[in-house]
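# A structural walkthrough
Okay, here's what each chain looks like letter by letter:
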Amino acid sequence: MTKLLEWVFGIMIVGAAWALVTFDLLDLRLPEAYRQVAWPMPVYLLVVFGCYSLATVGYRVATFNDCEEASIELQAQIQEAKEDLRRKGLKL
């Protein structure tokens, strides 16, 4: 099962549970307080997902590893390419 299908399946399960509680599809006779909490739940979950995503991106940016060797190697390759282009007549 691909990751997309896992997410779609999970969202479908949560959506079905939300619909059952919100619209009382199984005649569960839940208290009105449950419906009042369940009605805005998708918005709450969206906000929580956004906060989690922002925190994850921030953490990954903060702990990004520097690759000093790769940087030096890339700069050397850039200089080599510039010299090769100069030899071929290109003005930089």
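Definitions and cut-offs
Residues numbered from 1 in each chain as written. Predicted model: local features only at pLDDT ≥ 70, side-chain atom pairs only at ≥ 80, totals over all residues. Heavy atoms only, no water. Helix = DSSP H or I, 4+ residues; strand = E, 2+ residues; numbered from the N terminus. Rg over C-alpha atoms; globule rule 2.2 N^0.38 Å. Buried < 20%, exposed > 50% of the residue type's maximum accessible area, 1.4 Å probe, protein only. Areas by Shrake-Rupley, 256 points an atom, 1.4 Å probe, with all protein chains shown as cover. Lys, Arg positive; Asp, Glu negative; His and termini not counted. Charge placed at Lys NZ, Arg CZ, Asp CG, Glu CD. Polar contact = N/O pair within 3.5 Å; in protein donor to acceptor, adjacent residues only side chain to side chain. Contact = heavy atoms within 4.5 Å. UniProt positions renumbered as here; feature names shortened; annotations may be inferred.

Another point: the overall build of the protein. If you tally the helices and strands in the protein, you get four helices and zero strands. When its helices and strands are written in sequence order, the protein yields α-α-α-α. Relative to the compact-globule value of 12 Å for 92 residues, the protein shows a C-alpha radius of gyration of 27 Å, a clear excess of over 25%. When burial is assessed residue by residue, the protein has 4% of its 92 residues classed as buried. Of the roughly 8400 Å² of accessible surface on the protein, a fraction of 68% belongs to carbon and sulfur atoms. In the protein, 9 positive and 11 negative side-chain charges are present, and the distance between their average locations comes to 8 Å.

With that out of the way, let us pick up the side chain of Asp 24. Take Asp 24: it is sitting in the loop between helix H1 (3–23) and helix H2 (32–38). Given the relative accessible area of 17%, Asp 24 is considered buried. Within the structure, Asp 24 has its side chain in polar contact with the side chain of Arg 35 (distance 2.9 Å). Among all residues touching Asp 24, those that are not within four sequence positions of it are Ala 19, Arg 29 and Arg 35.

A few words on the UniProt feature "transmembrane region" (unreviewed entry) in the protein. UniProt records the feature "transmembrane region" (unreviewed entry) for residues 7–23 and 43–62 in the present numbering. As annotated, residues 7–23 has a helix share of 100% and a strand share of 0%, and its two end C-alpha atoms lie 24 Å apart. For residues 43–62, the helix share is 100%, the strand share is 0%, and the end-to-end C-alpha distance is 29 Å.

It is worth spelling out the environment of Tyr 34 at this point. Looking at where Tyr 34 falls in the secondary structure, it is placed in helix H2. On a C-alpha basis, the gap between Tyr 34 and Val 21 in space is 7.5 Å, while along the polypeptide they are 13 residues apart.

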